[in-house]
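Chain residues, written in single-letter form:
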Amino acid sequence: QGKGLFATRKIRRGETVFVERPVVSSQFLWNALYHYRACDHCLRALETAEENAQRLLGKSSLVLPHPEQCSIRKDLHQQCPRCQVTYCSAECRQAALEQYHQVLCLGPSRDDPTHPLNKLQEAWRNMHYPPETSSVMLMARMVATVKQAKDKEWWIKAFSQFCSKTANEEEEIVHKLLGDKFKGQLELLRLLFTEALYDEYLSRWFTPEGFRSLFALVGTNGQGIGTSSLSQWVHACDALDLPLLQREELDAFIDQLYKDIEKESGEFLNCEGSGLYVLQSCCNHSCIPNAETSFPENNFLLHLTALEDIEAGEEICISYLDCCQRERSRHSRNKILRENYLFTCSCPKCLAQADDADVTSDEEEEGEGETDDAELEDEMTDV
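Residue numbering note: each chain is counted from 1, following its sequence as written. Given that this is a predicted model, residues contribute local features only at a pLDDT of at least 70 and side-chain atom pairs are listed and counted only at 80 or more, while totals for whole chains, interfaces and linings are drawn from all residues. Side-chain descriptors were evaluated using all non-hydrogen atoms of the structure, hydrogens and water having been removed beforehand.

1. Remarks on the sheet that holds strand E2 (residues 24-27)
Reasoning step 1: At least two DSSP bridges between two strands are required for those strands to pair. Going along the chain from the N terminus, every DSSP run of H or I of four or more residues is numbered as a helix, and every run of E of two or more is numbered as a strand. Read across the open sheet, the three strands follow the order E2-E6-E5; overall the sheet is antiparallel. Strands with a single pairing partner mark the edges of an open sheet, and in this sheet they are E2 and strand E5 (223-225). Direction aside, neighbouring strands of the sheet carry axes that sit 30° apart on average.
Reasoning step 2: Direction of pairing for E5 relative to strand E6 (residues 273-276): antiparallel, over a ladder of three bridges. Axis definition: a line fitted to C-alpha atoms, over the contacting stretch in the case of helices. Angles run 0 to 180 degrees between N-to-C directions.

2. So, the packing of helix H2 (residues 49-57) against helix H11 (residues 244-265)
Reasoning step 1: The N-to-C vectors of H2 and H11 enclose an angle of 45°; their axes lie 8 Å apart at closest approach. As the angle between them shows, H2 and H11 are arranged oblique. Across the interface between the two elements, Ala 53, Leu 56 and Leu 57 of H2 pack against Leu 257, Asp 260, Ile 261, Glu 264 and Ser 265 of H11.
Reasoning step 2: Within the contact of H2 with H11, the residues separate by chemical class into five nonpolar, one polar and two charged. Throughout, the term roughly parallel applies to angles under 35 degrees, roughly antiparallel to angles over 145, roughly perpendicular to angles from 65 to 115, and oblique to all others. Note on contacts: a residue pair qualifies if any of its non-hydrogen atoms lie within 4.5 Å across the two residues. Residues were grouped as follows: Ala, Val, Leu, Ile, Met, Phe, Trp, Tyr, Cys and Pro as nonpolar; Asp, Glu, Lys and Arg as charged; and all remaining residues, including Gly, as polar.

3. Concerning H2
Reasoning step 1: Throughout this description, buried means an accessible area under 20% of the type-specific maximum (1.4 Å probe, protein chains only), exposed means over 50%, and partly exposed covers the range between. Three or more residues of H2 are buried, namely Ala 49, Asn 52, Ala 53, Gln 54, Leu 56 and Leu 57.
Reasoning step 2: Residues of H2 that are buried sit in contact with helix H10 (229-238) and H11.
Reasoning step 3: Trailing H2 by a residue or two, Gly 58 shows a phi angle of about 65°, which is positive.

4. Examining the sheet that holds strand E9 (residues 302-306)
Reasoning step 1: Here three strands make up an open sheet; going across it, the order is E1-E9-E8 and the pairing antiparallel. Sheet topology places strand E1 (16-20) and strand E8 (291-294) at the edges, where each strand pairs with a single neighbour. Across the sheet, the axes of successive neighbouring strands diverge by a mean angle of 15°, strand direction being ignored.

5. Some details on the pattern of salt bridges
Two side chains that carry opposite charge are able to pair once their charged atoms sit near each other.
Reasoning step 1: The working definition used for a salt bridge is a side-chain nitrogen of Lys or Arg within 4 Å of a carboxyl oxygen of Asp or Glu. Across all of its chains, the model carries 13 salt bridges by this definition.
Reasoning step 2: Across the pair Glu 122 and Arg 125 runs a salt bridge, and its minimum N-O distance is 3.4 Å. Residue Glu 122 and its partner Arg 125 are both found in helix H4 (residues 116-127); the two are separated by three residues, about one turn of the helix.
Reasoning step 3: Residue classification places Glu 122 among the partly exposed positions, given a relative accessible area of 39%.
Reasoning step 4: According to the relative accessible area criterion, Arg 125 is buried, its value standing at 11%.
Reasoning step 5: For Arg 212, the salt bridge identified is with Glu 170, shortest N-O distance 3.1 Å. One end of the pair, Arg 212, is in helix H9 (residues 208-221); the other, Glu 170, is in helix H7 (residues 167-178), with 42 residues separating them in the sequence.
Reasoning step 6: Connected via shared salt-bridge partners are Glu 170, Glu 171 and Arg 212.

6. What about the side chain of Gln 185?
Reasoning step 1: Take Gln 185: it is sitting in helix H8 (residues 182-197).
Reasoning step 2: Relative accessible area serves as the criterion here: at 16%, Gln 185 is assigned to the buried category.
Reasoning step 3: Leaving out residues up to four positions away in the same chain, Gln 185 has contacts with Met 127 and Leu 178.

7. Digging into helix H14 (residues 330-341)
Reasoning step 1: Here the expected length of a helix is defined as 1.5 Å per residue gap, with one fewer gap than residues. Its 12 residues place the ends of H14 16 Å apart at the C-alpha level, agreeing with the 16 Å of an ideal helix rising 1.5 Å per residue.
Reasoning step 2: When you tally the buried positions in H14, you get nine out of 12 residues, the bulk of the element.
Reasoning step 3: For H14, every residue scored as buried is listed here: Arg 330, His 331, Ser 332, Arg 333, Asn 334, Lys 335, Ile 336, Leu 337 and Arg 338.
Reasoning step 4: Two residues or fewer after H14 comes Leu 342, characterised by a positive phi angle close to 65°.

8. Some remarks on the packing of aromatic side chains
Reasoning step 1: Stacked, tilted and edge-to-face are the three classes assigned to paired rings of Phe, Tyr and Trp, where Trp is represented by its six-membered ring and a pair needs centres within 6.5 Å; plane angles under 30 degrees give stacked, over 60 edge-to-face, the rest tilted. Taken as a whole and assessed by the stated rule, the structure comprises 10 aromatic pairs.
Reasoning step 2: Ring geometry for Phe 193 versus Phe 206: centroids 5.5 Å apart, planes at 35°, classification tilted. Remark: Phe 206 occurs in the loop between H8 and H9 and Phe 193 occurs in helix H8; sequence separation between them is 13 residues. One exposure class covers both Phe 193 and Phe 206, and it is buried.

9. Observations concerning the nonpolar core
Reasoning step 1: Definition used in this section: a nonpolar core is a set of buried Ala, Val, Leu, Ile, Met, Phe, Trp, Tyr and Cys residues joined via side-chain atoms within 4.5 Å. Ranked by size, the top nonpolar core spans 87 residues in total, and within it Leu 189, Phe 193 and Phe 215 carry the most contacts.
Reasoning step 2: With nine residues, the top contributor of residues to this core is helix H5 (residues 136-148).
Reasoning step 3: For Leu 189, the residues in contact, after removing those within four places along its chain, are Leu 120, Ala 123, Trp 124, Met 127, Val 136, Leu 178, Phe 211 and Phe 215.
Reasoning step 4: Counting 18 residues, the second-largest nonpolar core is a separate cluster that includes Ala 53, Leu 62, Cys 237 and Ile 254.

10. Remarks on the pairing of E9
Successive side chains on a regular strand alternate, one facing one side of the sheet and the next facing the other.
Reasoning step 1: Counting buried positions over the five residues of E9 gives five, a clear majority of the element.
Reasoning step 2: Residue alternation in E9 divides its side chains into two sets, Leu 302, Leu 304 and Ala 306 and His 303 and Thr 305, and both sets are buried.
Reasoning step 3: Examined bridge by bridge, E1 and E9 share four bridges and lie antiparallel to one another. Within the sheet, the bridge partner assigned to Glu 20 lies in E9 and is Leu 302.
Reasoning step 4: As paired elements, E8 and E9 share four bridges and run antiparallel to each other. Bridge pairing in E9 places Glu 292 opposite Thr 305.

11. Examining unusual backbone geometry
Peptide bonds are mostly trans, and most non-glycine residues show a negative phi.
Reasoning step 1: The phi dihedral of Gln 84 falls on the positive side, at around 65°, and the residue is not glycine.
Reasoning step 2: Along the chain, Gln 84 turns up in the loop between strand E3 (78-79) and strand E4 (86-87).
Reasoning step 3: Non-glycine residue Asn 298 carries a positive phi angle of around 60°.
Reasoning step 4: Turning to its location among the elements, Asn 298 is positioned in the loop between E8 and E9.

Have a look at this one:
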């Protein structure tokens, strides 16, 4: 878990605790391949809510009501003149260029499958299928940021603030991300990563041990970033002051839209990429969190908002589980947390349910193998 974050004053329910920009972020590679269009720097959606819904639904004739509730400004979009990567604004294009894009710009080689960066990205897609939970390009941007920086040590210290793991824990994380063949896959990724990005100043990141640590750092600390224009449109529509009949019709339309999208594309995941956030990564987990993260500005700016009053000195906790997972049994919740984050939860809810039978929740698929707690105990961190 994180290092722990505590309130320095009383925070009221609904109050924004902090707004944070990531040290580095990246769009998921599968999203880009599927033509989901987000700003290559801040991840702001580039397609309108209607285009977003049409793509997910596979229906180009769909028309969304209240189009004015979509905030996408296509007239502001800009591309890198060399590689045609798209940004939501001139500011984002310039920010990317100054921080990392000079190193990562493919230029005329953008469609060349033999270019080292393209080989790295293709290998990642072949190893880590959607829904993605991390991206090798987040690591690439870390390297590119240091390579471009004048004060390289400042950036290395910034990245060193994130939680590190022991060798056993790193292996658990890499195994989770890459599956049964992770050792061979990890070595292939390391070789391709080295071919594309090697830098003498960062040589330790390219060794087998250093690369595994870098991979585990991203896997542990990466925060999913949700900037779907459709989700933003839905939130904007929810806030409209409408007559009762119009409100009921709009709500019914949105409910049916999500059902149709689920049939066509599977469960709608509002997660376009991932980023590393210093403060957010310090927040520990609770199955009854007193704060939650969101992306209300439709870009990579993370807002942490209090779900209840938080007293001065009280720990600020978020949930690493989604709403449905939090309703499962203590045994099921901890199974997910052990597999994904390598700890056993001891929040008030888990302690109160400590005497409950170790049974898997009904929501989980039948026949799913049970986890042997004793075997995992030595490699997990009790919190």
